[in-house]
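Now for the letters of each chain:
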Amino acid sequence: MNSHPMTLVTIVCEKLAREAVTRLLRDVGAHGWTLWEVEGSGAQGVRSGDIPEFTNIRVEVIVPPAVAGTLLARLEKEFFKRYAMIAYESEIRVIRREKF
Amino acid sequence: MNSHPMTLVTIVCEKLAREAVTRLLRDVGAHGWTLWEVEGSGAQGVRSGDIPEFTNIRVEVIVPPAVAGTLLARLEKEFFKRYAMIAYESEIRVIRREKF
Amino acid sequence: MNSHPMTLVTIVCEKLAREAVTRLLRDVGAHGWTLWEVEGSGAQGVRSGDIPEFTNIRVEVIVPPAVAGTLLARLEKEFFKRYAMIAYESEIRVIRREKF
Amino acid sequence: MNADLLQALQANLLSPALLFFVLGIVATLARSDLKFPEPLYITLTIYLLTAIGLKGGAALADAGFARVWLPTLAGIGLGIVIPLWTYAALRYVGRLPAVDAAAICAHYGSVSAVTFIAATNFLRQIGQPFEDYATAFLAVMESPAIVVGVLLGKFALRQSGDAAPLGGVIRSALHEAVFGRSVVLLVGALIIGVLAGKRGLEATAGFFVTPFQGVLALFLLEMGMVAARRFADLKKVGAFLVVFGIVAPVINGVGGVLLGDAVGLSPGGAMLFGTLAASASYIAAPAAMRLALPEANPTYYLTAALGITFPFNITFGLPLYLAVAQWAA
Amino acid sequence: MNADLLQALQANLLSPALLFFVLGIVATLARSDLKFPEPLYITLTIYLLTAIGLKGGAALADAGFARVWLPTLAGIGLGIVIPLWTYAALRYVGRLPAVDAAAICAHYGSVSAVTFIAATNFLRQIGQPFEDYATAFLAVMESPAIVVGVLLGKFALRQSGDAAPLGGVIRSALHEAVFGRSVVLLVGALIIGVLAGKRGLEATAGFFVTPFQGVLALFLLEMGMVAARRFADLKKVGAFLVVFGIVAPVINGVGGVLLGDAVGLSPGGAMLFGTLAASASYIAAPAAMRLALPEANPTYYLTAALGITFPFNITFGLPLYLAVAQWAA
Amino acid sequence: MNADLLQALQANLLSPALLFFVLGIVATLARSDLKFPEPLYITLTIYLLTAIGLKGGAALADAGFARVWLPTLAGIGLGIVIPLWTYAALRYVGRLPAVDAAAICAHYGSVSAVTFIAATNFLRQIGQPFEDYATAFLAVMESPAIVVGVLLGKFALRQSGDAAPLGGVIRSALHEAVFGRSVVLLVGALIIGVLAGKRGLEATAGFFVTPFQGVLALFLLEMGMVAARRFADLKKVGAFLVVFGIVAPVINGVGGVLLGDAVGLSPGGAMLFGTLAASASYIAAPAAMRLALPEANPTYYLTAALGITFPFNITFGLPLYLAVAQWAA
Ligand SMILES: Nc1ncnc2c1ncn2[C@@H]1O[C@H](COP(=O)(O)O)[C@@H](O)[C@H]1O
Ligand SMILES: Nc1ncnc2c1ncn2[C@@H]1O[C@H](COP(=O)(O)O)[C@@H](O)[C@H]1O
Ligand SMILES: Nc1ncnc2c1ncn2[C@@H]1O[C@H](COP(=O)(O)O)[C@@H](O)[C@H]1O
Ligand code: NA
Ligand code: NA
Ligand code: NA
């Protein structure tokens, strides 16, 4: 069994940005994503997770390193000043390189 | 304080595979796991998270590197063609090496 | 676009420890956190996630490496023997270094 | 009869429950962001199953087992015969892979509680009496077909060389069929209904009876969304399965009605019996298949059961089965 | 009238619904760990919207469209006029950035279903009759102001050099305004109410009518917590917006009552009409703004709508609008 | 009395609520995949607490405080005495570590709202009248024992050298005891009941009264599963705690009944008073202990309160306490 390096990009943002974020993921060519609701606290206050206006989502997407770069650059340019949001990348290893 | 390298294996799969997956974790000798429900989109379509048939779970398990290898190999051999699923490994550092 | 190394500390613990943990995060100087509920299995049995007494939370906090050290040290000293809990750190890369 | 059928059809299609189902379909096709959270779906399921279980149990205690054993046996018989003939049709007419045919036939042999509930709702609405203990048939017809389907699938896999140990899988499928959440809730509530009797039901009627029809309407809103999401997969499953998803319930439904009539049920009861035969499981069966036959492609059985047969049954099927039952009586 | 107003105020403030709202505020200010899970919030929203939709639809079928078209048109008119004048006030008196003024005015031109429901609850409690089909006004007044607000905001952004293509954004805001979950539920249930009529409503009344007032009380407990959490942001939004959050609903409310009276509504109906005008959306509008005007700061509009106007309306506003309606009649 | 006891026992064990509790136990022991989502559990808790609070408050307004202050004081007294004697028993007979004894005694001195509700349900079922304002005793008995337990535990930790500052911990335990979600809901609803009175209760009765018994049944299904999951830990906690989990409630229950009788309650009211004394908290107390005494092992107190005492009380305890109350009267 061989595992291959790939990049995991994680986005935590307000739920109301959901459509904009998943559209962006499609745009940059991601083959899938995983998403769930979370509570959070940050520069823009506590997001308590009890009504949709004050809930965050956490989106994870596995992409080749180059795509990760594009994705983060577009997040920085188009999203960071508009939405309550953080994003980061980390190195992971997957089995089926061709899937991502 | 010393922290020790360990491997985190993450599995995202359809909820109906839950029993099969946790049984496998026991089999390969993991001492614990953490699990929650997520939505997802991938090769096998959108999993909308509103009814159990169309929900994903995300399972995380911390194991020594060797166990991670076995686990991923068995996932590839026995699970990947049967279930909607992805799995990957990443490096983390823990405090209590003996716990995992 | 430049991304900067930062440390992600992940804590999985019983929900009833929530206040104690978020207070500690404030104490060590974290600027934010992300949190959600999970099920788990570990040395202290299965935590089934159906009533608050038997639910876990998973807390993620992004901090500079030095703060991560302090945080883990205090978790080890003050929390590990009192609560059902695990904690680990991993390396990530963020865009806005100054935010964390 | 024709005029009756039309009238019944209209009464069904203009009931709040059906209209909410249509609203769910429309919302999904219009890409609305409306979505039920999973805990709400699970709560509604728990409510509906315990409510019909309780009512059925109290009716069962009233009727006595003497009047119930024959149709119950007939129901179990259907649960064995339906998967066998549908397997043959799927395999040899539809040319589906054996394991997929096995998984699908388990769904059609098993039953859909929500379809059954919609049927009782429909009968109540048009004032057609029926045996309240019919819930007992629902309870016994959930599992047999699942076991038959798993056995068919496992034998097929054997022949194609997959020598997985049969015992364990059968045991876990049986466990799922007997202790899966829908069976536990339904059978458990049925037994509670028998033990607590009419008095117990009355004490809890403000929760399990009064709001029942409204809760069903809300649930069908969600089911409309779930069904409509499968529409996108209709192309993937092919024309045969689409046709099968309508023809099979009609055959099973008419056969079920006639059998129900033969074992002595009233027209309303025979109609419910036929509805059970016509309905395809989409809770217990998919769970059991993912456990015991993960090789089968879920797109096939979920799309057929949820995207075709369920909508067909609750719109056109119900009035049709009633018309047959009234004609047979 | 003065004594009446006091009495009405007392009846409102001592109703279980209002007291639960206050309990929610107290719990939050006392830092209790009480919290509603989001699925419960969503469930309550779904329930309240479908329930008033159904009732309103059945009443609409009863009243006939002839009696409804004029006030409906008037409602749409308000949905266009209110955002225009409030935009001007926010921009030129309050000196808010154009995009924030646009986002806020959309909230005040649109409507809050929960405020409307609290108003019907209040009228029912004090025995004041009203037109049940008023829900139709609620339905048509949700969207126009959102479209106006987005247009105002986009033109402002244009002038400040942001040349994003307008078409796509308008289209998605329109889609949100027409197929957003609150509109789909309300309009869908309204149509179902029209189609299923009184008989359909009766069948499901055990769920959609009987428990309604209690569910509202529980929901207001949650809304009290949500509103109180915004109190911390009152300082951030500045004195002007705090004053605006009380003065704007009074002006809109009184104007709405008079317009309602002018188009022929009963005092109860005119009061509901005024309440709609006075209320500020906090479900549909924020969602549309985050989609179409993400540059606007949500702290402004959420704090104003949820933290000031909503509490003001359901405590002091309702009796006030009724007093005006009774005086005008 | 013996025949009465048997009859009462049977009425209790065959009520839907109890049967659902047993179903929950069976489902868990049979390893069914049935599970309530946490939001449903929280929703049911919120509902049950507000519903009994409202009813109790309305009854309180009716009865007047003159009739309530004496039993209320007696209840607070019990909340102080019970943790003291149970601490001594656990520490010196059971030889448990001091901090564990302190945590457990807090649970037994505090009260279980669900046990109380099951008791009112039982009395209503067998037609035994009782003081509806007994909910007020439930409200005041939740917190005192928690404070006593935390103090005992902290003194013990001090002596063993842990010199954590006491003030902060006491303050946060007090805060939890007064503003924890169960206390806020119960006391809040009680006050709302007093303020809104009978008229307010009637307006919301379709939600807070009509479905109440059925909701309780559903909740006990979940509680059966929760309790049964603790059975696996019975071995871990040792024989002493198992015996304690049955003997302590019997002693507290009988003592409570006699005290209730002495302060002038009717047999039904004295039985409820005894049930409160007998019951062990499993919502407020565990939360407070994890906050203020995290050194105590939760397996001990959760297993004793949830796995032993709760099932014992709602099955055999209730009829027993009633029998004592009838004998004492
Ligand atoms: N340092 C951090 N660690 C973990 N999550 C964070 C951190 N800062 C912000 N977040 C998450 O990102 C969301 C948006 O952040 P912000 O825009 O800073 O309010 C917050 O609600 C948190 O969920
Ligand atoms: N590239 C990806 N990034 C993140 N999650 C993914 C990705 N691809 C698939 N997934 C997750 O894995 C699940 C199963 O994937 P699949 O088998 O491709 O349908 C999906 O529902 C997603 O939750
Ligand atoms: N090896 C592991 N991998 C992933 N999660 C774990 C592991 N061990 C423990 N956990 C999580 O940490 C929680 C507390 O662990 P414990 O204190 O060992 O019971 C468990 O309920 C799990 O959610
Ligand atoms: Na069938
Ligand atoms: Na308005
Ligand atoms: Na007690």
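Residues numbered from 1 in each chain as written. Chains lettered and ligands numbered in written order. Predicted model: local features only at pLDDT ≥ 70, side-chain atom pairs only at ≥ 80, totals over all residues. Heavy atoms only, no water.

How would you summarise the overall build of chain D if you had to cite specific residues and measurements?
When helices and strands are tallied, chain D shows 16 helices and 0 strands. The globule rule puts the C-alpha radius of gyration for 329 residues at 20 Å, and the 19 Å found for chain D is close to it. Seen through its C-alpha atoms, chain D measures out along the principal axes to roughly 55 × 45 × 40 Å. A burial count over chain D gives 66% of its 329 residues as buried. Restricting the contact set of chain D to residue pairs at least 6 apart, pairs at least 24 apart contribute 87%. Per element, the accessible surface of chain D, about 10800 Å² overall, is 67% carbon and sulfur. If the 18 positive side-chain charges of chain D are averaged to one point and the 15 negative ones to another, these points end up 6 Å apart. (Helix = DSSP H or I, 4+ residues; strand = E, 2+ residues; numbered from the N terminus. Rg over C-alpha atoms; globule rule 2.2 N^0.38 Å. Buried < 20%, exposed > 50% of the residue type's maximum accessible area, 1.4 Å probe, protein only. Contact = heavy atoms within 4.5 Å. Areas by Shrake-Rupley, 256 points an atom, 1.4 Å probe, with all protein chains shown as cover. Lys, Arg positive; Asp, Glu negative; His and termini not counted. Charge placed at Lys NZ, Arg CZ, Asp CG, Glu CD.)

Please give an account of the site of ligand 3 that cites residues and values.
Surrounding ligand 3, one finds 19 residues, the nearest of these being Thr-34 and Lys-99 of chain B together with Ala-43, Gln-44 and Asn-56 of chain C. Bordering ligand 3 are residues originating from chains B and C. The side chain of Thr-34 of chain B places a nitrogen or oxygen atom 2.8 Å from an oxygen atom of ligand 3. Gln-44 of chain C places a main-chain nitrogen or oxygen 2.8 Å from an oxygen atom of ligand 3. (Near = heavy atom within 4 Å. Polar contact = N/O pair within 3.5 Å; in protein donor to acceptor, adjacent residues only side chain to side chain.)

Lay out the relation of the copies chain E and chain F in plain terms, naming residues and giving numbers.
When chain E is fitted onto chain F, the two copies agree to an RMSD of 0.0 Å after a turn of 120° and an axial shift of 0.0 Å. Here the two chains are linked by the operation of a three-fold rotation axis. When C-alpha positions in chain E are compared against the rotation axis, the closest is assigned to Pro-39 of chain E, at 3.8 Å. Looking at chain E, a mere 4% of its interface residues are interface residues in chain F too, so the copies touch through different faces. (Least-squares fit on C-alpha atoms with pLDDT ≥ 70 in both.)

Run through the coordination of the sodium ion (ligand 6), naming residues and quoting values.
Residue and element names in this part refer to chain F. Within the protein, Tyr-108 (O), Ser-110 (O), Leu-276 (O), Ala-277 (O) and Ser-279 (O) serve as the donor atoms for the sodium ion (ligand 6), at 2.4 to 2.8 Å. Mapping the donors of the sodium ion (ligand 6) onto the primary sequence gives the spacing Y-x1-S-x165-L-A-x1-S. With Ser-110 in the loop between helix H5 (98-109) and helix H6 (113-125) and Ser-279 in the loop between helix H14 (267-278) and helix H15 (284-292), the pair connects residues that are 169 residues apart, well separated along the chain. A single burial state applies to Ser-110 and to Ser-279, both of which are buried. (Donors = N, O, S within 2.8 Å, 3.2 Å for Na, K, Ca; no water.)

So, the interface of chain E and chain F: which residues are in play, and what are the values?
Taken together, the 25 residues of chain E in the interface contact 25 residues of chain F. Counting each side, the surface lost to burial between chain E and chain F is near 2100 Å², with a carbon and sulfur contribution of 79%. Between the two partners, chain E and chain F, sit 0 salt bridges. Every element with two or more residues in the side of chain E that touches chain F is listed here: helix H2 (16-29), helix H3 (38-63) and helix H12 (212-231) of chain E. Counting residues per element, the side of chain E that touches chain F draws most heavily on H12 of chain E, at 6 residues. The residue makeup of the side of chain E that touches chain F, split by class, is 17 nonpolar, 5 polar and 3 charged. (Buried area = accessible area lost by both parts, 1.4 Å probe. Salt bridge = Lys/Arg side-chain N within 4 Å of Asp/Glu carboxyl O. Nonpolar A, V, L, I, M, F, W, Y, C, P; charged D, E, K, R; others polar.)

Outline the coordination of the sodium ion (ligand 4), listing residues and values.
Residues and elements named next belong to chain D. Taken together, Tyr-108 (O), Ser-110 (O), Leu-276 (O), Ala-277 (O) and Ser-279 (O) make up the protein donors of the sodium ion (ligand 4), found 2.4 to 2.8 Å from the metal. As a motif over one chain, the donors of the sodium ion (ligand 4) read Y-x1-S-x165-L-A-x1-S. In this pair, Ser-110 is assigned in the loop between helix H5 (98-109) and helix H6 (113-126) and Leu-276 in helix H14 (residues 267-278), connecting sequence segments 166 residues apart. Of the two residues examined, Ser-110 and Leu-276, each falls in the buried class.

Function-wise, these values are silent; they only describe arrangement.
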